[in-house]
Amino acid sequence: MTIPAGGARLPADVHVPDEATGVVLFAHGSGSSRHSPRNVAVARVLHRRALATVLVDLLTPEEERVDVRTAELRFDIGMLAGRLAAMVDWMADEPTLGRLPAGLFGASTGAAAALVAAAARPERVGAVVSRGGRPDLAGEALSRVHAPTLLLVGGLDEQVITLNEQAMVELGSVGELRIVPGATHLFEEPGTLEQVADAAADWFATHLRPPG
């Protein structure tokens, strides 16, 4: 399907399990798409935990062609966050998803956009998970994030660990940083992505509670 977001219509894959208790909107990293094999793998684990997922392309096909040449749009965190916030609004108005509490899962630069969107929609975003994220790119919005936020970083991804440790100062009590031992930035080592998926599923299942 396509989702209207900030004047654009973005292709998305929506999956709603039976008896869904929450919905998670995915924000992919730079140069990726809704077909990211790592995000798709995480989404499948969420489905088994009765969590609906929305995987969306943050750029239109035309913008993607420009970005392949210039790499300028993938780092436009303000634009990407605005689109995510618009998609959060769309989910709230959508008959099936609107009854479900919403969370955001962001990877790499997509994590920064997810955190900015969470700060912009505090009444609608109930939890955030970042995988190998760049929360530093969220800037001053970090201090305005109220949703419980889990930062997952590979133990061998030293520079990103430092950036996430710095972000924890701004997130304060809503943030939790977990290091996945033996993992690099893309969590390609055996068993590491499974740890990410299980941790994300536990986080969302804990913090996304349906009304009543």
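Residues numbered from 1 in each chain as written. Predicted model: local features only at pLDDT ≥ 70, side-chain atom pairs only at ≥ 80, totals over all residues. Heavy atoms only, no water.

Draft legend 1. The overall build of the chain, seen in detail. A tally of helices and strands in the chain yields six helices and eight strands. Put simply, the chain runs from its N terminus to its C terminus through helices and strands in the order β-β-β-α-β-α-α-β-α-β-β-α-β-α. Relative to the 2.2 N^0.38 estimate, which gives 17 Å for 212 residues, the radius of gyration of the chain is 16 Å and therefore close to what a compact globule would have. Based on the C-alpha atoms only, the size of the chain along its principal axes is roughly 45 × 40 × 35 Å. Going through the 212 residues of the chain one by one, you find that 52% of them count as buried. Look at the contacts in the chain between residues 6 or more apart in sequence, and 70% of them connect residues 24 or more apart. (Helix = DSSP H or I, 4+ residues; strand = E, 2+ residues; numbered from the N terminus. Rg over C-alpha atoms; globule rule 2.2 N^0.38 Å. Buried < 20%, exposed > 50% of the residue type's maximum accessible area, 1.4 Å probe, protein only. Contact = heavy atoms within 4.5 Å.)

Draft legend 2. Representation of the nonpolar core. Counting residues in each nonpolar core, the largest one holds 47 residues, and the members touching the most others are Leu-25, Leu-84, Met-87, Met-91 and Leu-104. The greatest single-element share of this core, amounting to ten residues, is contributed by helix H3 (residues 77–93). When residues no more than four places from it in sequence are discounted, the contact partners of Met-87 are Ile-3, Ala-5, Leu-10, Leu-25, Val-56 and Leu-58. With 25 residues, the next largest nonpolar core counts Val-180, Ala-183, Phe-187 and Ala-201 among its residues. (Core = buried A, V, L, I, M, F, W, Y, C linked by side-chain atoms within 4.5 Å.)

Draft legend 3. Expanded view of the environment of Ala-141. Within the secondary structure layout, Ala-141 lies in the loop between strand S6 (125–131) and strand S7 (149–154). Each C-alpha atom, one on Ala-141 and one on Ser-130, is 15 Å from the other, the two residues being eleven residues apart in sequence.

Draft legend 4. A look at the packing of helix H1 (residues 37–48) against helix H6 (residues 192–207). Direction vectors running N to C along H1 and H6 enclose 45 degrees, while the axes themselves pass 9 Å from each other. The orientation of H1 relative to H6 falls into the category oblique. Our pair here, H1 against H6, has a crossing hand that is right-handed. For the pair H1 and H6, contact is made by Arg-38, Ala-41, Val-42, Val-45 and Leu-46 and by Leu-193, Val-196, Ala-197, Asp-198, Ala-200, Ala-201 and Phe-204, respectively. Looking at the contact of H1 with H6 residue by residue, the classes come out as ten nonpolar, no polar and two charged. (Axes fitted to C-alpha atoms, helices over the stretch in contact; angles between N-to-C directions. Parallel < 35°, antiparallel > 145°, perpendicular 65-115°, else oblique. Left-handed = near helix turned anticlockwise from the far one by under 90°. Nonpolar A, V, L, I, M, F, W, Y, C, P; charged D, E, K, R; others polar.)

Draft legend 5. Spatial organisation of the pattern of salt bridges. Evaluated as defined, the whole model comprises eleven salt bridges. Note that Arg-83 and Glu-63 form a salt bridge whose closest N and O atoms lie 2.7 Å from each other. Pair noted here: Arg-83 is in helix H3 and Glu-63 is in helix H2 (residues 61–70), with a separation of 20 residues, a long-range link. The exposure class assigned to Arg-83 is buried, which follows from its relative accessible area of 6%. Taking the shortest distance from any N to any O, the salt bridge between Glu-176 and Arg-178 comes out at 2.7 Å. Beyond isolated ion pairs, a larger network of salt bridges with shared partners links Asp-89, Arg-121, Glu-123 and Arg-124. (Salt bridge = Lys/Arg side-chain N within 4 Å of Asp/Glu carboxyl O.)

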